Amino acid sequence: MVLIAEELSPATVDALGPDFEVRYVDGTDRTALLAAVPDAEALLVRSATKVDGELLAAARRLRVVARAGVGLDNVDVGAASHAGVMVVNAPTSNIVSAAELTVALLLATVRRVTEADASVKQGRWERSRFVGRELSEKTAGIVGLGRVGVLVADRLRAFGMNVIAYDPYISGARPAQHGVRMVTFDELLSGSDVISVHLPRTPETVGLIDARALAKVRDGVHVINTARGGIVDETALAEAIRSGRVAGAGIDVFEQEPPQSSPLLDLPQVVATPHLGASTVEAQERAGLVVAASVRKALAGELVPDAVNVSGGAIDEEVRPGIPLAERLGEVFTALAQSVPVQLDVEVRGEITGHDVSVLRLAVLKGLFADVVPEQVTYVNAPLVAAERGVDVRLLTEPESPDYRNVLTVRGTLSSGETISVSGTLTGAKLVQKLIGIDDFELEMPLADHMLVLRYADRPGVVGALGQLLGKADVNIAGMQVSRDVAGGHAVGVLALDSAMPAHLLDEIGDVIAASQARAINLQ
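Residues numbered from 1 in each chain as written. Predicted model: local features only at pLDDT ≥ 70, side-chain atom pairs only at ≥ 80, totals over all residues. Heavy atoms only, no water.

Undergrad: It is not clear to me how helix 16 (residues 462-472) should be interpreted in this structure. Could you clarify?
TA: Along an α-helix, residues three or four apart share an orientation, since each turn contains 3.6 residues. Looking at helix 16, one finds that the buried residues are Val462, Ala465, Leu466, Leu469 and Leu470. Buried positions in helix 16, seen along its axis, are confined to an arc of 125° and lie on one side of it. Turned more than 90 degrees off the buried face of helix 16, the exposed positions are Gln468 and Lys472. If you follow the buried residues of helix 16, they end up packed against strand 19 (450-457), strand 20 (477-484), strand 21 (490-497) and helix 17 (503-512). (Buried < 20%, exposed > 50% of the residue type's maximum accessible area, 1.4 Å probe, protein only. Helix = DSSP H or I, 4+ residues; strand = E, 2+ residues; numbered from the N terminus. Arc of directions from axis to C-beta. Contact = heavy atoms within 4.5 Å.)

Here's what the structure looks like:
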């Protein structure tokens, strides 16, 4: 039985086909929902139905939860995974809608459409007051050249705009194929007439467009954000608009939604919409059709392209414990490299290579891109994400492993020619995840949720200085290991921390110990 908990298009129901009994329930009526779900094998929801541990415990036969949309804020994916329930969504269903809304907000701001509309409706005819700007021959700066960013670039080029972009995780020929020139973040700020944000919200992107960034923009710039709230500092943007440095802004997303006290709401130069990026008939119908197809495949036991929490293929029990390790090593690699490699090798050594280990390659890619792209990265779409960013990925296996039973190494070559590698293994009866190598430095350090990795010249006093700086910031050290090539040579220090480290502290530590590299790692 398929249970539909929210209103979906008739086409979605038709796409399920005649093979399933379809029932309906109001997902916002908790009592009715809990009463209906025990018989369901599939549950289809949008954003109003809360799928949590209580619901999953009641859903004894449930095999798949399908969210007809992109976000999964209302679905407890961890609880679903623990219960063995597949979660699917429609990660690309709204990209055209989001791109078109971006263009709509831009046009509304540069031509002052909402201000003029209000004036006319108030009985005034003030043509000289609402003189706007043309887009032709201006420069658009795209911050984040993912799927939506590319679509926006294509549309703005049709207006005769020059398009530049900043995205440290894009490599290869893809930008040039879309007529986009890649630049540094500072170059984008100073060289753009329009700045449009298309990044995921991560600890690194929160506040990216802040007062310091806005101080570098050219006068009269327009800022558009249809990505995620918090990436643009609303207070700093409001001040930049009041000062005249920023001419206008189109904002679809806010740090707090609904926005209670955003200073942007008081400014006539701001066109604000209530998170409408996915709110089109086409996007909603597309999302329904996508998840209906996924539900059919899931209930038939087939591979599901948009599965969020499973790989969709058969995985040997000897291989399964290595999946979380592989994903975390991918995250560690990205945190160290701060860039996407052009060549990536996933090297598996040891007894495990007697089985199909291809899922470990997928898990590495899933971790590597977790904080790079705005869409949910799954074991199925990870290769596509890599291909879109020009990453050549190889899976290498070797049955011999001299030091450990099994070893997984993630080795990548960056566009600069630099090579970075991280190695890990599982040890003991509890299969503890351990980091055992960074480049040529050997370690044996349990992976922690929060870590600090430092490269510096080996000398006395470094460890003491680190302890003082972290202690002063109330960050506790859970463990530490230092590896060096020779006494007084190059050293790598890895610290496990009990909490995330403030961003400003990382720069301070790097300066105090004269580190050649300082990276904070926060694993998901």
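Undergrad: Hey, could you run me through the side chain of Lys434 in this one?
TA: Within the secondary structure layout, Lys434 lies in strand 17 (residues 432-438). Residue class for Lys434 comes out buried when judged on its relative accessible area of 16%. A distance of 3.0 Å separates the side chain of Lys434 from the side chain of Glu444, its partner in a polar contact. Residues contacting Lys434, with those up to four places away along its chain left out, are Leu325, Ser423, Gly424, Thr425, Thr427, Glu444, Met445, Pro446 and Leu447. (Polar contact = N/O pair within 3.5 Å; in protein donor to acceptor, adjacent residues only side chain to side chain.)

Undergrad: What's the story with the pairing of strand 18 (residues 441-446) in this structure? I'm lost.
TA: Each regular strand carries side chains that alternate between the two faces of the sheet. Burial along strand 18 is one-sided: the residues Phe441, Leu443 and Met445 are buried and none of Glu442, Glu444 and Pro446 is. Alignment of strand 17 against strand 18, held across four bridges, turns out to be antiparallel. The residue of strand 18 that forms the bridge with Ile438 is Phe441. The turn linking strand 17 back onto strand 18 is made up of two residues, and Asp439 within it adopts a positive phi angle of 55°. (Pairing = 2+ DSSP bridges.)

Undergrad: Even after reading the chapter, I still don't get the side chain of Thr425, so can you show me in this structure?
TA: Counting through the fold element by element, Thr425 comes out in strand 16 (residues 419-427). Among the polar contacts listed, one links the side chain of Thr425 to the backbone oxygen of Asn406, at a separation of 2.4 Å. Excluding residues within four positions of it along the chain, Thr425 makes contact with Leu325, Tyr404, Asn406, Val432, Gln433, Lys434 and Ile436.

Undergrad: Is there a simple way to explain the packing of helix 5 (residues 95-110) against helix 7 (residues 147-157) in this structure?
TA: Angle between the axes and distance between the axes are the two parameters that describe a pair of packed helices. Packing of helix 5 against helix 7 brings their axes to within 9 Å, and their N-to-C directions diverge by 50°. Comparing the axis directions of helix 5 and helix 7 gives the class oblique. Helix-helix and strand crossings are classified by hand; for helix 5 and helix 7 the assignment is right-handed. Within the contact between the two elements, helix 5 uses Ile95, Val96, Ala98, Ala99, Glu100, Thr102, Val103 and Leu106 and helix 7 uses Arg147, Val148, Leu151, Val152, Arg155 and Leu156. (Axes fitted to C-alpha atoms, helices over the stretch in contact; angles between N-to-C directions. Parallel < 35°, antiparallel > 145°, perpendicular 65-115°, else oblique. Left-handed = near helix turned anticlockwise from the far one by under 90°.)

Undergrad: Just checking my understanding: could you explain the environment of Ala59 for this structure?
TA: Here Ala59 shows up in the loop between helix 3 (53-58) and strand 4 (64-67). Since its relative accessible area comes to 6%, Ala59 is described here as buried. Each C-alpha atom, one on Ala59 and one on Asp39, is 7.1 Å from the other, the two residues being 20 residues apart in sequence.

Undergrad: Looking at this structure, I do not really get the pattern of salt bridges. What am I missing?
TA: Close approach of charged atoms allows side chains with opposite charge to pair. With the rule as written, the count across this model stands at 28 salt bridges. Close ionic contact of Arg212 with Asp210 constitutes a salt bridge, the shortest N to O distance being 4.0 Å. Close ionic contact of Arg389 with Glu388 constitutes a salt bridge, the shortest N to O distance being 3.5 Å. One connected set of salt bridges, linked through shared partners, spans Glu21, Arg23 and Asp39. (Salt bridge = Lys/Arg side-chain N within 4 Å of Asp/Glu carboxyl O.)

Undergrad: What's the story with the pairing of strand 21 in this structure? I'm lost.
TA: Burial analysis of strand 21 places seven of its eight residues in the buried class, which makes it a mostly covered element. Relative to strand 21, strand 19 is paired through eight bridges, and the arrangement is antiparallel. From the neighbouring strand, Leu454 faces strand 21, where its bridge partner is Gly493. Taking the residues between adjacent antiparallel strands as the criterion, strand 20 and strand 21 are bridged by five residues, where Gly488 takes a positive phi near 80°.

Undergrad: Please clarify how the layout of surface pockets should be interpreted in this entry.
TA: The gaps left among the atoms become clear once a water-sized probe is rolled over them. When its volume is computed, the second largest pocket comes out at roughly 1,400 Å³. In this structure, the second largest pocket is lined by 42 residues; those nearest its centre are Pro203, Glu204, Thr205, Gln338 and Ala503. Listing elements by their share of the lining of the second largest pocket, those giving two or more residues are helix 9 (185-191), helix 10 (211-214), helix 13 (322-337), helix 14 (358-368), helix 17 and strand 22 (517-522). Split into classes, the residues belonging to the lining of the second largest pocket amount to 23 nonpolar, nine polar and ten charged. (1 Å grid on protein atoms, 1.4 Å probe; cavity = no way out; pocket = protein on both sides within 12 Å on 5 of 7 lines; lining within 4 Å. Points joined across faces, edges and corners; volume = space filled by probe spheres on them. Nonpolar A, V, L, I, M, F, W, Y, C, P; charged D, E, K, R; others polar.)

Undergrad: Honestly, the sheet that holds strand 11 (residues 246-251) in this entry has me stumped. Any pointers?
TA: Strand pairing within a sheet occurs via backbone hydrogen bonds; the two strands may be parallel or antiparallel. One open sheet holds the seven strands; their spatial order is 8-7-6-9-10-11-12, and the pairing between them is parallel. Each edge of the open sheet carries a strand with a single partner, namely strand 8 (180-182) and strand 12 (270-272). Between one strand axis and the next, the sheet turns through 20° on average, direction left out of account. Sheet topology note: the strand 6 (residues 139-143)/strand 9 (residues 194-197) ladder contains four bridges and is parallel. For Gly141, the partnering residue across the bridge sits in strand 9 and is Ile195. Across the sheet, helix 5 lies against strand 9, strand 10 (221-225), strand 11 and strand 12, angled at about 150° from strand 10, the strand it touches most.

Undergrad: Explain the sheet that holds strand 4 to me, please; I cannot follow it from the model alone.
TA: Taken together, five strands build an open sheet; the order of strands is 2-1-3-4-5 and the sheet is parallel. A strand with exactly one partner marks an edge of an open sheet, and here the two such strands are strand 2 (22-24) and strand 5 (86-88). Within the sheet, the average angular offset between the axes of one strand and its neighbour, ignoring direction, is 20°. Along the sheet, helix 12 (residues 281-299) contacts strand 1 (2-4), strand 3 (42-45), strand 4 and strand 5; its crossing angle with strand 4, the most-contacted strand, is approximately 170°.

Undergrad: What am I meant to see in the packing of helix 13 against helix 14 here?
TA: Between helix 13 and helix 14, the least distance of the axes is 6 Å, while the angle of their chain directions is 40°. Classified by the angle their axes make, helix 13 and helix 14 are oblique. At the point where helix 13 passes helix 14, the crossing takes the right-handed sense. On the side of helix 13, the interface is formed by Gly322, Ile323, Ala326, Glu327, Gly330, Glu331, Phe333 and Thr334, while helix 14 contributes Val359, Leu360, Ala363, Val364, Lys366, Gly367 and Leu368. Looking at the contact of helix 13 with helix 14, its residues break down into eight nonpolar, four polar and three charged.

Undergrad: Mind showing me how you'd approach the nonpolar core here?
TA: The tendency in soluble globular proteins is for nonpolar side chains to be buried side by side. Ranked by size, the top nonpolar core spans 51 residues in total, and within it Leu344, Leu360, Phe369, Val422, Ile438 and Val494 carry the most contacts. Here this core takes nine residues from helix 13, the largest share from any one element. By size, the runner-up hydrophobic cluster in this structure holds 30 residues, among which are Leu199, Val232, Leu237 and Val246. (Core = buried A, V, L, I, M, F, W, Y, C linked by side-chain atoms within 4.5 Å.)

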